[in-house]
Amino acid sequence: MLITTRFAPSPTGQLHLGHAYSAVLAHDFARANGGRFLLRIEDIDGTRSRPEHVDTILSDLRWLGLDWDGDPVFQSQRLPLYQAALDRLKGMGLLYPCFCTRAEIAREVAASVSAPHGPDGPVYPGTCRALREDERAARIATEVHCWRLDMAAAVGRAGRALDWHDAFAGTVRAAPAIFGDVVLARKDAPASYHLAVTIDDAAQSVSHIVRGRDLFDATHVHRLLQALLALRVPEYRHHALLTDAAGRRLAKRSGAPALAALRAAGEDGRALAETLRSGSLPVGIARAKD
Ligand code: GLU
């Protein structure tokens, strides 16, 4: 089997050391196995993605000494692919339009005594799942809406327990229901992260998904979508996240230095990549325990 990995940044900001670590691991795993390393720019979020971040990301990766195979793939150029998958899921009766605003959902959750919480926060209370077909049709014509997966119906349709394999966590039983009725097509974008990433990883024949543990839970949803859309199930390698000395996960907003800033300050990117791959982290950086 040809080993294929990818690095899939969202150009909504600059990369930091946590991204560099993930990219180095994905790159090295492919290269060590004579495989391919792909670069995919996850830019379907039209309001937050910026072309200038794409240029910076490419420069950062080159500075780290990472080379990718082929041209970078842009999700914004693959919308028909996501639309086709949505149409398939709609045809299976597994999607419904949701007209709720964030504020309406928050009000409903606040009013409920036992609103379940999933990995991404409160689970959608299912308000629009109960709409009648004629009401849906009338409102679709005039109101902005997203499309949600009817999780119970989708799990029922999959019809059996689903597993996936993670190099660090072992065999994992998929538990997508903890997310509730996830959004698969957003109001402002024709796909959500869950849908686009699942379709693309399959379409690009990614065999090993190397990414941070922050996306571990999302894999439950991806595994369900793979079952529904009859896609190949890749292997997963969810690696530990990097933290600062105080144990806080690296993030732009908590002050993690951008790779672009290190590059501009004249730091040696290849030496940094060497440090990351050797397992001895830069000063002030730690690896999260879980
Ligand atoms: N685009 C996602 C991010 O930047 C990563 C997607 C993935 O690796 O599955 O967080």
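Within each chain, residues carry numbers counting from 1 in the order of the written sequence. Note on the predicted model: pLDDT of at least 70 is required for a residue's local features to be given, and 80 or more for side-chain atom pairs to be given and counted; whole-chain, interface and lining totals, by contrast, use all residues. Each side-chain value is worked out from all heavy atoms of the structure, with water and hydrogens disregarded.

Novice: Please give an account of the overall build of the protein that cites residues and values.
Specialist: Put simply, DSSP marks the helices as runs of H or I at least four residues long and the strands as runs of E at least two long, and each gets a number from the N terminus on. Of the regular secondary structure elements, the protein holds ten helices and 14 strands. Seen along its three principal axes, the alpha-carbon backbone of the protein occupies a region of about 60 × 40 × 35 Å. Burial analysis of the protein (290 residues in total) assigns 48% to the buried set. By definition in these notes, contact holds between two residues if any of their heavy atoms fall within 4.5 Å. Once local pairs closer than 6 in sequence are excluded, the contacts in the protein between residues at least 24 apart make up 80%. When the 36 positive and 33 negative side-chain charges of the protein are each reduced to one mean point, those points stand 2 Å apart. Exposure is judged per residue with a 1.4 Å probe applied to protein chains only, and the accessible area is read against the type maximum: over 50% gives exposed, under 20% gives buried, and values in between give partly exposed. Charge assignment: positive for Lys and Arg, negative for Asp and Glu; neither His nor the chain ends contribute. We put the charge of a Lys on NZ, of an Arg on CZ, of an Asp on CG and of a Glu on CD.

Novice: Give a description of the pairing of strand E12 (residues 235–239) that names residues and reports values.
Specialist: As paired elements, strand E11 (residues 208–212) and E12 share five bridges and run parallel to each other. By the bridge assignment, Gly212 is partnered in E12 with His239. The criterion for strand pairing is that DSSP finds at least two bridges linking the strands in question.

Novice: Quick rundown of the nonpolar core? Include the residues and the values.
Specialist: Put simply, a nonpolar core is a bunch of buried Ala, Val, Leu, Ile, Met, Phe, Trp, Tyr and Cys residues held in one set by side-chain atoms that sit within 4.5 Å of each other. With 34 residues, the main nonpolar core has Leu89, Leu149, Leu184, Leu195, Leu224 and Leu228 as its most contacted residues. Counting residues per element, the ones that place at least two in this core are helix H3 (79–91), strand E7 (146–149), helix H6 (151–158), strand E10 (183–185), helix H7 (193–203) and helix H8 (218–228). Excluding residues that lie within four positions of it along the chain, Leu184 makes contacts with Leu86, Leu89, Leu95, Trp147, Arg148, Leu149, Pro190, Ala191, Ser192, His194, Leu195 and Leu225. Ala26, Phe37, Ile41 and Leu259 belong to the second largest nonpolar core, which has 30 residues in total.

Novice: Provide a residue-level description of the site of the ligand, including the pertinent values.
Specialist: The environment of the ligand is made up of Arg6, Ala8, Pro9, Ser10, Glu42, Tyr193, Val197, Arg211 and Leu215. At 2.9 Å, a side-chain N or O of Tyr193 approaches an oxygen atom of the ligand. The separation between an oxygen atom of the ligand and a polar side-chain atom of Arg211 is 2.8 Å. Only the protein chains shown count as cover for residues, and all accessible areas are computed by the Shrake-Rupley method using a 1.4 Å probe. Within the complex, 78% of the 300 Å² of free accessible area of the ligand lies under protein. Only Asp, Glu, Lys and Arg are considered charged in this grouping, and only Ala, Val, Leu, Ile, Met, Phe, Trp, Tyr, Cys and Pro are considered nonpolar; every other residue, Gly among them, is considered polar. In terms of residue class, the shell around the ligand is built from five nonpolar, one polar and three charged. Here a residue is considered near a molecule or strand provided that any single heavy atom belonging to it is located within 4 Å of it. Under the rule applied, a polar contact is a pair of N or O atoms within 3.5 Å (in protein, one hydrogen donor and one hydrogen acceptor; residues adjacent in sequence only if both atoms are side-chain atoms).

Novice: Let's hear about helix H2 (residues 51–63): which residues, and what values?
Specialist: One fewer than the residue count of a helix, multiplied by 1.5 Å, yields its expected span. In a regular helix each residue adds 1.5 Å, so 13 residues correspond to 18 Å; H2 covers 19 Å between its end C-alpha atoms and thus fits that length. By the burial criterion, the buried members of H2 are His53, Val54, Thr56, Ile57, Leu58, Asp60, Leu61 and Trp63. Where H2 terminates, the next one or two residues include Gly65, which has phi positive at roughly 85°.

Novice: Explain the sheet that holds E7 to me, and be specific about the residues and the numbers.
Specialist: Hydrogen bonds along the backbone pair up the strands of a sheet, which may run parallel or antiparallel. Read across the open sheet, the three strands follow the order E4-E7-E10; overall the sheet is antiparallel. Unpaired on one side and paired on the other, strand E4 (95–98) and E10 mark the two borders of the sheet. Direction aside, the axes of adjacent strands within the sheet are offset by 45° on average. When E7 meets E10, the two strands line up antiparallel, connected through two bridges. Bridge pairing in E10 links Trp147 to Ala185. In this description, a line fitted to the C-alpha atoms serves as the axis of each element, helices being fitted only across the stretch in contact, and the angle between N-to-C directions of two axes falls anywhere from 0 to 180 degrees.

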